[in-house]
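Tertiary structure, described
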Amino acid sequence: MHRNVIETVMGGVVLAVAVFFLIFAYTSADLGRVDGYELVARFDRVDGLSAGDDVRISGVKVGSVVSQTLDQQSYLAEVRLSVDPSVELPADSSAEITSEGLLGGKYLALVPGGAEEMLQPGGTIQYTQSVPGLEQLLGQVIYSLQGLGESAGDGGSSSGGADDGGEGGAGGLLSP
């Protein structure tokens, strides 16, 4: 009976430490929604991007994705984002969906432009770029490698005759 009490107390201590670490990680990771002014950006594709994802400028979090909807007229994905009020973006700024790594999540990267005029709350980011999917990238790589293989095969056959002639004497000595 005494052993069960010790195991129960130790289990409670482990759970308390786990809860403490979860709270610490949540507060230090800055995962919360950024309250600020909203902007809209329209993309061809938003694969992998979801509400709550980061909005970054030069890798620094300045906002978060609020929502995604489909524009019924243009059939483009409309992304609403919230940007920190201390960050003023020029009107010619661009937005691109970027991956954190090969298997990492996606985030929205803002690239400030050089215009004098600033985007107003509720404004639209005109210049956007969607990230191609992993399947598209692999297809492009395979297609490029096929093209390289075909051109190398053509070049190898034309230079093969010159190499055979240079080694013909050594090959003749070894063959009966």
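Above this text is the structure in question.
Criteria and cut-off values
Residues numbered from 1 in each chain as written. Predicted model: local features only at pLDDT ≥ 70, side-chain atom pairs only at ≥ 80, totals over all residues. Heavy atoms only, no water. Salt bridge = Lys/Arg side-chain N within 4 Å of Asp/Glu carboxyl O. Helix = DSSP H or I, 4+ residues; strand = E, 2+ residues; numbered from the N terminus. Buried < 20%, exposed > 50% of the residue type's maximum accessible area, 1.4 Å probe, protein only.

**Focus: the pattern of salt bridges**
Evaluated as defined, the whole model comprises 7 salt bridges. For Glu78, the salt bridge identified is with Arg42, shortest N-O distance 2.9 Å. In this pair, Glu78 is assigned in strand E4 (residues 77–83) and Arg42 in strand E1 (residues 37–43), connecting sequence segments 36 residues apart. With relative accessibility at 12%, the residue Glu78 sits in the buried group. Note on Arg42: relative accessible area 29%, which makes it partly exposed. Here Glu100 and Arg56 are joined by a salt bridge, their closest N and O atoms 3.1 Å apart. With a gap of 44 residues between them, Glu100 in the loop between strand E5 (94–99) and strand E6 (106–111) and Arg56 in strand E2 (residues 54–57) connect regions that are remote in the sequence. Here Glu100 falls in the partly exposed class, since its relative accessible area comes to 49%. Exposure remark for Arg56: the relative accessible area of 17% places this residue in the buried category.

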